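# Results of the structural survey
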Amino acid sequence: MARRKYNPPDYYWIDELLTDEQKLVRDSVRRWMEEHAVPIIEEYAHRGETPLHLIPGLAELGLFGPYIPQEYGGAGLDQISYGLMMQEVERVDSGLRSLCSVQSSLVMYPIYKFGSEEQKRKYLPRLAKGEIIGCFGLTEPNHGSNPAGMESTIKDAGDYVILNGTKMWISNAPFADIAIVWAKDEEGTIRGLIVERGMEGFSTPEIKNKWSLRASATGELVFNEVKVPKENLLPKAIGLRAALTCLDSARYGIAWGAIGAAMECYDVALQYSLERKQFNRPIASFQLIQKKLAEMLTEITKAQLLAFRLGQLRNEDRATPAQISMAKRNNVAMALWVAREARQILGAMGIVSDYPIMRHMMNLESVITYEGTHEIHLLITGYDITGISAFRG
Ligand SMILES: Cc1cc2nc3c(=O)[nH]c(=O)nc-3n(C[C@H](O)[C@H](O)[C@H](O)COP(=O)(O)OP(=O)(O)OC[C@H]3O[C@@H](n4cnc5c(N)ncnc54)[C@H](O)[C@@H]3O)c2cc1C
């Protein structure tokens, strides 16, 4: 069955709430992704490769640093535009959205927010153009949900610090030119620093055999007595809160991105159900299929409203980390559920890559774990409600 034109669901006419600029940005990303990413993404995912040749085009669209000011090479857009961009990229693949999220929110944002003027001028314009790619090293083999327990250390050695430790599950690591790394100093304070590929003792082995995010490279960051010049320490990245602030920005983008994956799965399933006939009737005529479609659209609409309101709060600089947790958790779980329902509507066709459903479903299994797991985000909401942390000792 040939796929008809994409018909993005917008049941509550949220389009009417968007500015002309926001719609223009969304539509340009949608067009570009359809032309350049849709035709190749299945093949790259099958091969387990990141389509690096897309990087200049993604940069040209402003997907690297959408909300970073233009004076540093960013696109200077508002938070709803940023969200819509992530939605359009993740509609095609969560791995491509991960590439953009990491570059924007976990590499450019910490340099912009916590870096010196010199660091901003040195790195941000090149990151925005995609001339260099970054990664973000917080998770360690023994410390995922509890990054405060990290074992990576920096030791003062005059003009430089000596970095030791291992970071695990790091997106973009195998090809990144720079890494934003979090490590404890001799007083036990967490610091952020910029480590560059080529520094002696720094390596980035790839983690192979993933069933999820196959078009996004994941690796380790291994630091063995790496001498990092002190000028690479981000002067204002002090304490775990600094790292978590970057995650807030990325999680906000994920809350929008996941909607894109869900919108795509819903649209594919709807079109399929109208054309596929069983018992001499389109399967869309059966009540149980309609129940799935109606519930999918309801959940997508709720997620769209959540993301839109959160975007308004982000634009006013008022969104709290707990509000962002709620949206990330809800919207990713929603997208994973929608992908599973869509897969069932397609029957056996749901498992082959003629349709993008199974790839989205497998991708979302990572998205529900990274940037704070589904469980931890729930406990953040619980903490916000009660004032009692159920996850920390
Ligand atoms: C594809 C991929 C890409 C990633 N990219 C990056 C990256 O670029 N940079 C980076 O730093 N990290 C990255 N991560 C790591 C990711 O953020 C971690 O996997 C995540 O934080 C969870 O840590 P963990 O896997 O060690 O699980 P664990 O922390 O070991 O958790 C295992 C399970 O226990 C649950 N759990 C843990 N503590 C509690 C508690 N107190 N109460 C209830 N349940 C609990 C968790 O919810 C989970 O279900 C990536 C992960 C993946 C899969």
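Residues numbered from 1 in each chain as written. Predicted model: local features only at pLDDT ≥ 70, side-chain atom pairs only at ≥ 80, totals over all residues. Heavy atoms only, no water.

## Quick notes on the side chain of Gln87
The test is simple: For helices the rule is a DSSP run of H or I covering at least 4 residues; for strands it is a run of E covering at least 2, with both sets numbered from the N terminus onward. To sort residues, take the accessible area from a 1.4 Å probe on protein chains only and compare it with the maximum for the residue type: under 20% means buried, over 50% means exposed, and anything in between is partly exposed. Whenever two N or O atoms come within 3.5 Å, that pair is a polar contact, provided that in protein one can donate a hydrogen and the other can accept it, and provided that, for residues adjacent in sequence, both atoms are side-chain atoms. Contacts are assigned to residue pairs with any non-hydrogen atoms lying within 4.5 Å of each other.
By the element assignment, Gln87 lies in helix 3 (residues 79-92). According to the relative accessible area criterion, Gln87 is buried, its value standing at 6%. One polar contact links Gln87 to Glu88, side chain to side chain, over a distance of 2.9 Å. Contact partners of Gln87, with chain neighbours within four places excluded, come to Arg26, Arg30, Trp256, Gly257, Ile259, Gly260 and Met263.

## Topic: the site of the ligand
Condition: One heavy atom within 4 Å of a molecule or strand makes the whole residue count as near it. Computed with a 1.4 Å probe, the accessible areas rest on the Shrake-Rupley method; for each residue, only the protein chains presented here act as cover. The classification used treats Ala, Val, Leu, Ile, Met, Phe, Trp, Tyr, Cys and Pro as nonpolar, Asp, Glu, Lys and Arg as charged, and all other residues, Gly among them, as polar. Either an automatic procedure or a domain database provided the assignment from which the domain bounds are taken.
Of all residues adjacent to the ligand, which total 18 residues, the nearest are Thr139, Ser145, Trp169, Thr373 and Glu375. Between the ligand and Trp169 there is a distance of 2.7 Å, counted from a nitrogen atom to a backbone nitrogen or oxygen. Within the complex, the protein chains bury 68% of what would otherwise be the 970 Å² of accessible surface of the ligand. At the level of secondary structure, the elements contributing two or more residues to the shell around the ligand comprise strand 3 (160-171) and helix 10 (374-386). Along the lines of polarity and charge, the residues of the shell around the ligand split into nine nonpolar, seven polar and two charged. Residue-level mapping places the shell around the ligand at the junction of two domains, with at least three residues from each of domain 2 (134-239) and domain 3 (241-386).

## Notes on the packing of aromatic side chains
Operational definition: Within 6.5 Å between ring centres, the rings of Phe, Tyr and Trp (the latter by its six-membered ring) count as paired, and their orientation is classed by plane angle as stacked under 30 degrees, edge-to-face over 60, tilted in between. Working rule: Lys NZ or Arg CZ, within 6 Å of ring centre, within 35 degrees of ring normal, means a charge sits over the ring.
Here the structure, examined in full by the defined rule, presents 10 aromatic pairs. Centre to centre, the rings of Phe202 and Phe223 are 5.2 Å apart; their planes meet at 15°, and the pair counts as stacked. Placement of the pair is Phe202 in strand 6 (residues 202-203) and Phe223 in strand 7 (residues 218-229), with a sequence separation of 21 residues. Assigned by exposure class, Phe202 and Phe223 land together as buried. When the centroid spacing of 6.4 Å and the interplanar angle of 80° are considered together, the rings of Tyr383 and Phe391 count as edge-to-face. Here Tyr383 falls in the partly exposed class, since its relative accessible area comes to 33%. The class for Phe391 is partly exposed, based on a relative accessible area of 29%. By way of ring pairs, the aromatic residues Tyr67, Tyr82, Tyr109 and Tyr252 are connected into one cluster. Seen from the ring of Tyr44, Arg47 lies directly overhead, with NZ or CZ sitting 4.6 Å from the centre. Cation over ring: Arg91 sits above Tyr6, and NZ or CZ is 3.6 Å from the ring centre.

## Points about the side chain of Asp248
One can find Asp248 in helix 6 (residues 240-275). In this structure Asp248 comes out as buried when scored by relative accessible area, which is 8%. Asp248 has contacts with Arg241, Arg314, Pro321 and Ile324, leaving out every residue within four places of it along the chain.

## Overview of the domain arrangement of the protein
In plain terms, the rule: Throughout, the accessible surface (probe 1.4 Å) given up by two parts as they are put together, summed over both, is called the buried area. Each reported salt bridge corresponds to a side-chain nitrogen of Lys or Arg within 4 Å of a carboxyl oxygen of Asp or Glu.
Here the protein is described as being made up of domain 1 (14-128), domain 2 (134-239) and domain 3 (241-386). With 30 residues of domain 1 in contact, the opposing surface of domain 3 contributes 34 residues. Surface buried jointly by domain 1 and domain 3 totals about 2500 Å² across both partners, of which 61% is contributed by carbon and sulfur atoms. Viewed at the interface, domain 3 and domain 1 are joined by three salt bridges. Where domain 1 touches domain 3, the interface holds 16 residue pairs in polar contact (both at pLDDT 80 or more). Tallied by class, the residues present in the side of domain 1 that touches domain 3 amount to 15 nonpolar, eight polar and seven charged.

## Some points on a nonpolar patch on the surface
For clarity, the threshold we go by: Patch building starts from residues that exceed 30% relative accessible area and form no salt bridge, then joins like charges within 9 Å and nonpolar side chains (Val, Leu, Ile, Met, Phe, Trp, Tyr) within 5 Å.
Taken together, Tyr11, Tyr12 and Leu305 make up a surface patch of nonpolar side chains, about 350 Å² in accessible area. Among the secondary structure elements, Tyr11 is positioned in the segment before helix 1 (20-47). Here Tyr11 falls in the exposed class, since its relative accessible area comes to 54%.

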